[in-house]
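Breakdown of the fold
Listed below, chain by chain, are the residues.
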Amino acid sequence: MILFEGVRVISWAPPAVSEPMDVAVYSRNEGGGKAGTIAETGSGLASKHPLARRASGGYLSPGLVCAHTHLYSALARGLMVDIAPSKDFVQQLEHLWWRLDRAIDLPILAASGLAGCAEAAACGVTSLVDHHAGPEAIDGSLSVLRRSFEEVGMRGLLCYETTDRNGIEGARAGIAENVRFAREIDALRGTGARASVNGCIGAHAGFTVGAETLEALGEAVRTTGRGIHVHLGEDKYDAVDSRRLHGADLVARFDAAGCLGPKSIVGHGVWLTEPEVEILNERGTFLAHNARSNMNNAVGYNALLHRAKNVVLGTDGMGADMLEEFRFASFRHRESGGPWWPDDFLRCLDRGNRLMERYSGVAQGRVEAGFAADLALWDYDPPTPLAGGNIAGHLAFGLSSRSLRSVMVGGEFIIEDRRPRFDAEGIAAAAREQATRLWKRMEERS
């Protein structure tokens, strides 16, 4: 048993801050079917659990969820490769990102996954939704990523971004990897074992997915019981290309193929139309908003964001600091003249838990008995009162990842008192070594 004693519990949605209280947690190896969950909350629990390991004081919140990222980009920071200037978003993909993903092999992927997970943990993130690409090392790639997640101790949702840009055989290999991994997880769960990582069906973007591949993706969604994870309308080119080549809007194309549902994730959606947003709402599909990435790529702003019911927040591979992402989402929306306030983005931050629940069946995102013990403990000494009505203001202008003390996933600390339980130094050293290899392989593919 692990006891958080005298903590003030934060709820993201509905926003609330408790008076000091105790939170008792079952570790992964106790409590039977309740292992890894919150046992109870209240006062005076120390006398009830005298042998429990203790952590005292601070603010205890649910762990954060990054609902859309690309761990394969973790080794691109400070990239020292000759990249041709890009006049638009598509050229940026061609000159940089598609060149990078072609250079990935499995050792590079393992190092990238570990580095990205370690950094996410250090930001209070307990669940990552990854969208992977690596056309020269497709087979088995999702299992390599799974091992990276497990080594750090993170929860995850993985997929391979199927695309026609490397030929129809490459597309088929991408679909096969998604299906293979989904069956791997199903087999694991069939043994009664817990699986902290699950899989969905990945696709790159509408403009790189043709009719045959889209049909196959729909079949993969149906046969595996998963949802699709795809970029739609990130750039104006994607939306225009869909109407020019296929005579239909992006969302309508994917919906007609049976790809959209309550487990599906559409990344960005900057250039979707009102009817397309309505389809997403009708299907219960999540829309992953990535404010910093959209700004960095100058793709525009999603003026219909407030019309989508299931908005979640992601980083699109720009790290995993979700409090920073929350700030940028709030500020960029205000700059655009949008109607939302930081409280609305607080709900988006929380909603990533609903996405994870649809895959795991495990309740998470609340500090309450029976919920997954995915928790972040913060040392924050606010200069003004912190209460339910102003949590969003403190996130926007105060509380940051620098305040993080400890992180727990499934009842086990992965960071405790600022000390990672994983080999953070070894992970960083291996990442630097593999980054050098990655950059060299990129130069060879110029």
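Our structure's up above, just so we're on the same page.
In this report, we go over the structure that sits alongside the text. (Residues numbered from 1 in each chain as written. Predicted model: local features only at pLDDT ≥ 70, side-chain atom pairs only at ≥ 80, totals over all residues. Heavy atoms only, no water.)

Turning to the overall build of the protein, a few remarks are in order. Looking only at helices and strands, the protein features 14 helices and 19 strands. Computed over the C-alpha atoms, the radius of gyration of the protein is 21 Å, within 12% of the 22 Å expected from 2.2 N^0.38 for a compact globule of 446 residues. With the C-alpha coordinates of the protein rotated into their principal frame, the extents come out at 65 × 45 × 45 Å. Per-residue burial over the protein gives 60% buried out of 446 residues. For the protein, the exposed surface amounts to about 17000 Å²; the carbon and sulfur share of it is 52%. Considering the protein, the positive charge centre built from 48 side chains and the negative charge centre built from 56 side chains are found 2 Å apart. (Helix = DSSP H or I, 4+ residues; strand = E, 2+ residues; numbered from the N terminus. Rg over C-alpha atoms; globule rule 2.2 N^0.38 Å. Buried < 20%, exposed > 50% of the residue type's maximum accessible area, 1.4 Å probe, protein only. Areas by Shrake-Rupley, 256 points an atom, 1.4 Å probe, with all protein chains shown as cover. Lys, Arg positive; Asp, Glu negative; His and termini not counted. Charge placed at Lys NZ, Arg CZ, Asp CG, Glu CD.)

Before going further, it helps to examine the packing of helix H5 (residues 168–190) against helix H6 (residues 211–224). Their axes nearest at 11 Å, the elements H5 and H6 cross at an angle of 5°. Judged by the angle between their axes, H5 and H6 are roughly parallel. Packed against H5, whose contacting residues are Ile168, Ala171, Arg172, Ile175, Val179 and Ala182, the element H6 presents Glu212, Thr213, Ala216, Leu217, Ala220 and Thr224 at the interface. (Axes fitted to C-alpha atoms, helices over the stretch in contact; angles between N-to-C directions. Parallel < 35°, antiparallel > 145°, perpendicular 65-115°, else oblique. Contact = heavy atoms within 4.5 Å.)

Time to look at the sheet that holds strand E15 (residues 311–313). Reading across from one edge, E11-E12-E13-E14-E15 is the order of the 5 strands in this open sheet, with parallel pairing throughout. In this open sheet, the two strands that pair with only one neighbour each are strand E11 (201–205) and E15. In this sheet, adjacent strand axes meet at a mean angle of 25° when their direction is disregarded. Pairing analysis gives 3 bridges linking strand E13 (residues 265–268) to strand E14 (residues 286–289), with the strands arranged parallel. (Pairing = 2+ DSSP bridges.)

Core analysis: the biggest nonpolar cluster contains 103 residues, and Leu128 and Met154 have the highest contact counts within it. When residues no more than four places from it in sequence are discounted, the contact partners of methionine 154 are Cys117, Ala120, Ala121, Val125, Thr126, Ser127, Leu128, Phe149, Ser196, Val197 and Ile414. Membership of the second largest hydrophobic core comes to 17 residues, among which are Ile2, Val367, Ala373 and Leu377. (Core = buried A, V, L, I, M, F, W, Y, C linked by side-chain atoms within 4.5 Å.)

An order of E7-E8-E9-E10 is seen for the 4 strands of this open sheet, with the pairing classed as parallel. Lying at the two open borders of the sheet, with one neighbouring strand each, are strand E7 (64–69) and strand E10 (197–199). Between one strand and the next, the sheet's axes are offset by a mean angle of 10°, whatever the strand orientation. Packing of helix H4 (residues 141–152) onto the sheet brings it into contact with strand E8 (125–130), strand E9 (155–158) and E10, and relative to E9 it is tilted by some 165°.

A word on the pairing of strand E3 (residues 21–25). Within E3, 5 of the 5 residues are buried, which leaves the element mostly enclosed by the surrounding structure. Taking every second residue as pointing to the same face, both faces of E3 are buried, with Met21, Val23 and Val25 on one and Asp22 and Ala24 on the other. Two strands pair when backbone bridges link them, and strand E1 (residues 2–11) and E3 are joined in this way by 4 bridges, in the antiparallel orientation. What sits directly across from valine 7, in E3, is methionine 21. The pairing of E3 with strand E4 (residues 38–42) spans 4 bridges and is classified as antiparallel. Considered in E4, the bridge of alanine 24 is made with glutamate 40.

A few words on the pairing of strand E6 (residues 59–62). With 2 bridges joining them, E1 and E6 adopt parallel strand pairing. Bridged to valine 9 within E6 is leucine 60. Note: E6 against strand E16 (residues 375–378), 4 bridges, orientation antiparallel. From the neighbouring strand, tyrosine 59 faces E16, where its bridge partner is tryptophan 378.

Glancing now at the packing of aromatic side chains. One pass over the full model with this rule turns up 6 aromatic pairs. With a centroid separation of 5.3 Å and 85° between ring planes, the pair formed by phenylalanine 207 and tyrosine 237 is classed as edge-to-face. Residue phenylalanine 207 is located in the loop between E11 and H6, and its partner tyrosine 237 is located in helix H7 (residues 236–246); the two are separated by 30 residues in the primary sequence. Its relative accessible area of 39% is what places tyrosine 237 among the partly exposed residues. Through a chain of ring-to-ring contacts, three or more aromatic side chains come together here, namely Trp98, Phe207 and Tyr237. Sitting over the ring of tyrosine 359, lysine 263 keeps its end group 5.4 Å from the ring centre. (Phe/Tyr/Trp six-rings, centres within 6.5 Å; stacked < 30°, edge-to-face > 60°. Lys NZ or Arg CZ within 6 Å of the ring centre and 35° of its normal.)

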